[in-house]
Amino acid sequence: MPTHLPQPTTHTNQTHWTPGIPFKAGPGLPAGHGATAAVPAPALAPSPPEVIFKPNLLSKLINMEPTAGTFTLDAAALQQARAIQNRDGRLDRFAIELGLNSAEEALRAVSATLGLQVVDPTSITLDLNCLEGFPAKIIHRHTIFPLCVEGESVLVATANPFDLQAIDAAGSALGKPVTPVVMFPDELAKLIKTHLGLGAETVEGLIALQTDQNGEVEMLEEVTDDGSEAAEAAKQASVVRLVNEILTEAVDARASDVHIETHEGGIKLRYRIDGVLQKQPTPPEIDRFRNAIVSRLKILAKLNIAEKRVPQDGRIKLRVSGREVDVRVSVIPMLFGESIVMRILDKNKLEFSLRGIGMPEDIYREFRQLISLPHGIVLVTGPTGSGKTTTLYSALAEIKSEDTKIITTEDPIEYHLDGINQIQVNHKVGLTFAASLRSILRHDPDVILVGEIRDLETAENATQASLTGHMVFSTLHTNDAAGAFMRLGDMGVEPFLVSSTLEGVLAQRLVRVLCKECREPYVPVHDEIPEDFPWEQYQAGGQPIYRAAGCRACRNVGYRGRVGIYELLRVNDEIRRLANERATTLEIQKAATRLGMKTLRQSGWERVLGGSTTIEEVIRVTKTDHG
Ligand SMILES: [Zn+2]
């Protein structure tokens with residue numbers, strides 16, 4: 001029986017520890033609690049808890065000890081509390097039976113009886129050195145947490161004062177004496193979650209699974225495995241849980257991608273949220289499971305788990321919190337093992353409407369006119385992840401009708417669109433964008449969407465389709481709208497073909513939207529902002545602009561969600577003439593601006609002046625096309 005738990009002797013400001021009022025065991029201190037009883041325990045929190053009793057129970061079960069400033073239970077009551085804690089994992093029922101206001105009050109009484117201090121996490125300065133080297137497994141299994149060093153021992157918080165064996169186990173693992181203190185279950189869970197990240201939620205998540213159908217992660221397709229050793233490891237409950245949790249957390253955090261990267265000796269988990277990668281805290285123990293995690297994901301994605309030398313692609317269909325989620329999985333063998341990137345397509349979040357994606361009214365009206373033309377080419381440009389596909393899908397949704405036949409050719413098909421004929425490009429069998437475009441024409445479409453124009457053949461087929469009376473939508477990798485002419489010219493498309501078919505180019509970016517909960521109004525320093533910022537307009541407007549801060553609602557990032565900024569170039573006679581003369585991008589840009597085109601930057605500054613994003617964010621997403 002461990003007897004080396006010392007009484008705290010030195011006192012720092014780390015806790016609101018009150019030094020040694022001698023421990024007085026309650027009358028009902030049970031046998032088997034020698035570890036606690038033998039130790040002079042710390043005194044209780046200085047202010048007595050406010051406890052309101054039902055008078056009839058008060059006399060029977062609770063002795064008031066004014067000297068210690070709190071209440072203790074008699075043997076029978078303590079026994080009852082123990083039984084309830086063991087059965088329910090909390091003391092709610094005990095509190096009700098005693099007539100106390102809450103399980104917290106019951107926990108205070110039990111702790112007082114056992115001579116344990118109840119601590120408030122906000123009053124403690126955590127010493128994270130204690131956490132390092134503390135076995136995460138013990139933290140998770142027993143729901144305990146090392147707080148700080150007090151004298152020669154480590155203070156360890158538990159929510160179950162009856163389960164001090166766990167704390168003894170922690171002491172053995174640490175090779176140091178430990179002093180147990182009690183924390184309310186919710187506060188302890190929050191502490192563990194904050195400092196151990198994802199894996200720490202497993203227990204909580206499991207409880208939620210049992211009680212809340214909506215919290216369930218459900219595989220929407222039958223999963224089979226090959227019975228191998230790797231498959232067995234992947235089936236282990238803890239790995240299944242961990243993988244479910246990685247996916248659930250990603251969906252809850254609105255992540256678009258999950259990156260699981262293997263490094264020498266470990267694993268790194270990152271989510272892409274609002275276009276920016278963010279590292280997810282994970283318990284160090286996760287490294288040991290990396291192969292099992294990869295195998296589990298490969299099984300879910302119906303990939304060959306024995307094959308570890310070549311890249312593989314698959315899909316997982318899930319239901320998370322009642323929402324249907326499609327996950328596209330890519331596995332690539334890297335130097336230290338297979339890395340996985342998952343693209344999450346949350347079908348419930350989809351809204352394909354130009355107004356719904358936040359297109360400003362002036363851009364919307366012009367773009368609406370463009371996409372309603374009977375024939376021609378309309379391009380959307382921008383880097384990967386700038387929302388081009390969403391804009392084009394929204395355009396299709398806008399013009400979709402019973403008398404319009406729409407066919408798309410995509411690589412890959414990201415969303416299934418109702419009422420639209422979609423073709424998946426398949427390079428293995430020669431079904432490229434260019435080849436599918438030729439075939440599409442025989443199906444007599446009105447509108448064609450080509451995923452991307454990236455070679456001469458596709459570009460020429462698109463112009464042919466346009467010249468024969470079809471409307472063609474596509475995307476192009478250029479920084480700005482005017483650059484589309486140069487890009488097509490570089491591919492080898494004749495200028496007259498471009499000028500006679502291209503009707504408009506929409507360049508776009510996504511800027512992150514400031515979190516409304518924590519954005520901070522400020523006055524920027526004139527010399528520190530870009531020259532093209534509309535300073536006078538800002539000063540005349542009298543509206544504040546904001547910078548990002550960070551709070552709980554936005555996971556400390558300062559932003560939540562994204563919105564588009566746009567540059568719409570309408571091709572008129574002057575632009576056509578310039579294109580025919582092989583004018584430079586800058587010349588075309590100047591002409592378009594003269595004719596009233598708003599640039600991406602100007603569109604971004606409007607968002608800044610409107611209070612929805614920051615100057616930094618506009619600079620970040622437009623830096624390639626300015627200056
Ligand atoms: Zn915030």
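Section: a negative patch on the surface
Thinking step 1. The grouping of Glu402, Asp403, Asp444 and Asp446 at the surface amounts to a negative patch.
Thinking step 2. In this fold, Asp444 is placed in the loop between helix 16 (433–441) and strand 16 (447–450).
Thinking step 3. By relative accessible area, which is 58% here, Asp444 ends up exposed.

Quick word on the nonpolar core
Thinking step 1. Ranked by internal contacts, the top residues of the largest apolar core, which has 54 residues, are Leu379, Phe485, Leu488, Phe533 and Leu569.
Thinking step 2. The next biggest cluster of nonpolar side chains, apart from the first, holds 47 residues, and it includes Ala77, Ala109, Leu116 and Val154.

Quick notes on the coordination of the zinc ion
Thinking step 1. Around the zinc ion, the protein contributes the donor atoms Cys515 (SG), Cys518 (SG), Cys551 (SG) and Cys554 (SG), at 2.3 Å from the metal centre.
Thinking step 2. The coordination sphere of the zinc ion comprises four donor atoms, whose angles at the metal cover 107 to 112 degrees; the geometry is tetrahedral.
Thinking step 3. Each donor residue of the zinc ion lies on the same chain, and together they follow the pattern C-x2-C-x32-C-x2-C.
Thinking step 4. With relative accessibility at 1%, the residue Cys515 sits in the buried group.
Thinking step 5. We classify Cys518 as buried; its relative accessible area is 11%.

Describing the sheet that holds strand 21 (residues 559–570)
Thinking step 1. Ordered by their spatial adjacency, seven strands build an open sheet running 15-14-16-17-13-18-21, and the pairing between neighbours is mixed. Pairing within the sheet leaves two strands with one partner each, and these edge strands are strand 15 (421–424) and strand 21. Neighbour-to-neighbour, the strand axes of the sheet open up by a mean angle of 20 degrees, direction not taken into account.
Thinking step 2. Bridging between strand 14 (residues 406–410) and strand 16 involves four bridges; their strand directions are parallel. Considered in strand 16, the bridge of Ile407 is made with Ile448.
Thinking step 3. The strands touched by helix 14 (residues 361–371) are strand 13 (376–381), strand 17 (471–476), strand 18 (502–514) and strand 21; relative to strand 21, the strand with the most contacts, the crossing angle is about 55 degrees.
Thinking step 4. Across the sheet, helix 24 (residues 615–622) lies against strand 18 and strand 21, angled at about 135 degrees from strand 18, the strand it touches most.

Observations regarding the environment of Arg509
Thinking step 1. Within the fold, Arg509 resides in strand 18.
Thinking step 2. In sequence terms Arg509 and Arg562 are 53 residues apart; their C-alpha atoms lie 9.6 Å from each other.
Thinking step 3. A polar contact of 2.8 Å, which involves the side chain of Arg509, links it to the backbone oxygen of Asn479.
Thinking step 4. A distance of 2.9 Å separates the side chain of Arg509 from the backbone oxygen of Val621, its partner in a polar contact.

Re the sheet that holds strand 4 (residues 153–158)
Thinking step 1. Here we have three strands laid out as an open sheet, ordered 3-4-5, and mixed in their pairing. Among the strands making up the open sheet, the edge pair consists of strand 3 (144–150) and strand 5 (178–182). Direction aside, the axes of adjacent strands within the sheet are offset by 30 degrees on average.
Thinking step 2. Sheet topology places strand 3 next to strand 4; six bridges connect them, and they run antiparallel.

A closer look at the layout of surface pockets
Thinking step 1. Considering only enclosed or pocket space, the second largest pocket measures out at about 950 Å³ in volume.
Thinking step 2. Secondary structure elements with two or more residues in the lining of the second largest pocket: helix 9 (185–196), helix 12 (237–252), strand 9 (276–279) and strand 21.
Thinking step 3. Take the lining of the second largest pocket: its biggest share by element is six residues, from helix 9.
Thinking step 4. Tallied by class, residues from the lining of the second largest pocket come to eleven nonpolar, seven polar and 14 charged.

Quick look at unusual backbone geometry
Thinking step 1. Geometrically, the link from Asp411 to Pro412 is a cis peptide bond, its omega value of -5 degrees lying close to zero.
Thinking step 2. On the secondary structure map, Pro412 appears in the loop between strand 14 and strand 15.
Thinking step 3. A positive phi angle, near 60 degrees, is found at Arg254, a position not held by glycine.
Thinking step 4. Although it is not a glycine, Lys302 adopts a positive phi angle of roughly 60 degrees.
Thinking step 5. Examined against the element boundaries, Lys302 turns out to sit in the loop between helix 13 (290–300) and strand 10 (312–320).

Let's talk about the confidence of the model for the chain
Thinking step 1. In the predicted model, the chain carries a mean pLDDT of 81, and 82% of its residues have values of at least 70.
Thinking step 2. Here helix 2 (residues 55–61) is the element of the chain with the lowest mean pLDDT, 35, and strand 13 is the one with the highest, 98.
Thinking step 3. For the stretch residues 1–69, pLDDT sits under 50, and the model shows 139 contacts to residues farther than four places along the chain or on other chains.
Thinking step 4. Every residue in residues 203–216 scores below 50 in pLDDT, and together they form 14 contacts with partners more than four places removed in sequence or on other chains.

As for the pairing of strand 21
Thinking step 1. In terms of burial, strand 21 is a largely internal element, nine of the twelve residues being buried.
Thinking step 2. Relative to strand 21, strand 18 runs antiparallel, the two sharing ten bridges. Residue Val505 lies in a different strand from strand 21, and its bridge partner there is Leu569.

Some thoughts on the pattern of salt bridges
Thinking step 1. A full pass over the atoms with the stated rule returns 27 salt bridges.
Thinking step 2. With its nearest N and O atoms 3.4 Å apart, the salt bridge here joins Arg577 to Glu581.
Thinking step 3. For Arg577, a relative accessible area of 42% corresponds to the partly exposed category.
Thinking step 4. In this structure, Arg620 engages Glu617 in a salt bridge whose closest nitrogen and oxygen atoms are separated by 2.6 Å. A residue pair is termed a helical-turn pair when its members lie 3 or 4 positions apart in one helix, as Arg620 and Glu617 do in helix 24 at three residues.
Thinking step 5. You can call Glu617 buried: its relative accessible area is 2%.
Thinking step 6. Salt bridges sharing partners connect three or more residues here, namely Arg90, Asp92, Glu104 and Asp186.

Quick notes on the packing of helix 12 against helix 13
Thinking step 1. Where helix 12 contacts helix 13, the two axes come as close as 10 Å, and the packing angle between them is 70 degrees. One way to sum up the angle between helix 12 and helix 13 is to call them roughly perpendicular. The segment helix 12 lies against helix 13, with Val239, Val240, Leu242 and Val243 engaging Ala292, Ile293, Arg296, Leu297 and Leu300.
Thinking step 2. Grouping the amino acids of the contact of helix 12 with helix 13 by side-chain chemistry returns eight nonpolar, no polar and one charged.

Reading guide: rules and limits
- Residues numbered from 1 in each chain as written.
- Predicted model: local features only at pLDDT ≥ 70, side-chain atom pairs only at ≥ 80, totals over all residues.
- Heavy atoms only, no water.
- Patch = residues over 30% accessible without salt bridge, like charges linked within 9 Å, V, L, I, M, F, W, Y side chains within 5 Å.
- Areas by Shrake-Rupley, 256 points an atom, 1.4 Å probe, with all protein chains shown as cover.
- Salt bridge = Lys/Arg side-chain N within 4 Å of Asp/Glu carboxyl O.
- Lys, Arg positive; Asp, Glu negative; His and termini not counted.
- Charge placed at Lys NZ, Arg CZ, Asp CG, Glu CD.
- Helix = DSSP H or I, 4+ residues; strand = E, 2+ residues; numbered from the N terminus.
- Buried < 20%, exposed > 50% of the residue type's maximum accessible area, 1.4 Å probe, protein only.
- Core = buried A, V, L, I, M, F, W, Y, C linked by side-chain atoms within 4.5 Å.
- Donors = N, O, S within 2.8 Å, 3.2 Å for Na, K, Ca; no water.
- Tetrahedral: all angles 85-135°; square planar, octahedral: opposite > 155°, others 65-115°.
- Pairing = 2+ DSSP bridges.
- Axes fitted to C-alpha atoms, helices over the stretch in contact; angles between N-to-C directions.
- Contact = heavy atoms within 4.5 Å.
- Polar contact = N/O pair within 3.5 Å; in protein donor to acceptor, adjacent residues only side chain to side chain.
- 1 Å grid on protein atoms, 1.4 Å probe; cavity = no way out; pocket = protein on both sides within 12 Å on 5 of 7 lines; lining within 4 Å.
- Points joined across faces, edges and corners; volume = space filled by probe spheres on them.
- Nonpolar A, V, L, I, M, F, W, Y, C, P; charged D, E, K, R; others polar.
- pLDDT = per-residue confidence, 0-100.
- Parallel < 35°, antiparallel > 145°, perpendicular 65-115°, else oblique.

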